[in-house]
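# Fold and geometry: a report
Here is how the chains run, residue by residue.
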Amino acid sequence: MRQVTVLGSCGAFPEPGRACSGFAVDWNGYRLVLGLGYATLPRLLTHWPDGAVDAVVITHEHPDHCVDLHGLFRMRFYGRPGGPRLPLYCPPGVLDRLSGLEPDVDLHTVFELHPLPGSYRVGPFDLTGLPLPHFVPNAGIRLQADGIALAYSGDTGPTPALAELGRGADLFIVEATDRDGETSRPTRNLLTSTEAGRWARRAGARRLMLTHFWPGNDREAAVAAAQVDFGGAVLAAEEELTLMLGTPDSGCACRRGARA
Ligand SMILES: [Zn+2]
């Protein structure tokens, strides 16, 4: 079983019944969490009730991408004291933010930190974290195993590095924040859905999944905008959506409400 489940699809703050950025990757039983934004941890625990994950990867230190890592820390610290440390791949600012919530505890008692950007072997994956432009250091993530690649932008402005990150990916998860006036900002740190489609096409990705929707945005319109340039299958991330990875018909092999 090789699959990714959406834990949260909102950017900035969650909509009712939804959560912010997070994905649960299950690769033949290896459990990797990609982002833990607001309200993602309870959803993660519906899939993996014991919270036993093998690795956590966080793209950047903004709370809509990492704040529920604090809850996972407490599960480990109070619920499984003395357990093995959890490999954590992230820009160092993520732990700085968490330490503000836990000033009296050494977070390294729970986490084994591997700084991003960088390249690592993580369970079955070759993990590559590429620096992408954002308000704070952000690492786009590429996970590759058995010749199959899953890539995720985190938050980013337009950059040729996106084509490298998502090169030939089976699934490219790209943020499509679509904030008002985004394309006229002097410095670009976020994408529109149109740009997400454009960069996914340049990457030659097989499927594109849009995520990080600004609350209230029209998601169907975002998918339609991305399809203009992309040309392949475009999906909107949605909580509980599970996609199979690396299967020829996996553009359709999805289900909601799955319990992996
Ligand atoms: Zn964000």
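Below is a short write-up of the structure. Here the structure is a predicted model, which is why all the values come from computation and not from measurement. (Residues numbered from 1 in each chain as written. Predicted model: local features only at pLDDT ≥ 70, side-chain atom pairs only at ≥ 80, totals over all residues. Heavy atoms only, no water.)

## As for helix 7 (residues 219–230)
For helix 7, which comprises 12 residues, the first-to-last C-alpha distance of 16 Å matches the rise-based estimate of 16 Å (1.5 Å per residue) to within 8%. For helix 7, the complete set of buried residues consists of Arg-219, Ala-222, Val-223, Ala-225, Ala-226 and Phe-230. One side of helix 7 carries all its buried residues, which in axial view fall inside an arc of 165°. Exposed side of helix 7, more than 90 degrees from the buried face: Glu-220 and Val-228 are the residues found there. Where the residues of helix 7 are buried, they touch helix 6 (193–203), strand 12 (207–211) and strand 13 (233–236). Of the residues flanking the start of helix 7, the one acting as N-cap is Asp-218, its side-chain oxygen 3.1 Å from the backbone nitrogen of Glu-220. Two residues or fewer after helix 7 comes Gly-231, characterised by a positive phi angle close to 90°. (Helix = DSSP H or I, 4+ residues; strand = E, 2+ residues; numbered from the N terminus. Expected span 1.5 Å × (residues − 1). Buried < 20%, exposed > 50% of the residue type's maximum accessible area, 1.4 Å probe, protein only. Arc of directions from axis to C-beta. Contact = heavy atoms within 4.5 Å. Polar contact = N/O pair within 3.5 Å; in protein donor to acceptor, adjacent residues only side chain to side chain.)

## Considerations on the coordination of the zinc ion
As a benchmark, a tetrahedral metal site with four donors has ideal angles of 109.5 degrees, while an octahedral site with six donors has ideal angles of 90 or 180 degrees. Coordination of the zinc ion by the protein comes from Asp-64 (OD), His-65 (NE2), Asp-155 (OD) and His-212 (NE2), over a distance range of 2.1 to 2.2 Å. The coordination sphere of the zinc ion comprises four donor atoms, whose angles at the metal cover 87 to 171°; the geometry is irregular. Taken in chain order, the donor set of the zinc ion reads D-H-x89-D-x56-H. In this pair, His-65 sits in helix 2 (residues 63–66) while His-212 sits in the loop between strand 12 and helix 7, placing the two residues 147 residues apart along the sequence. Looking at His-65, the relative accessible area reads 1%, which means it is buried. (Donors = N, O, S within 2.8 Å, 3.2 Å for Na, K, Ca; no water. Tetrahedral: all angles 85-135°; square planar, octahedral: opposite > 155°, others 65-115°.)

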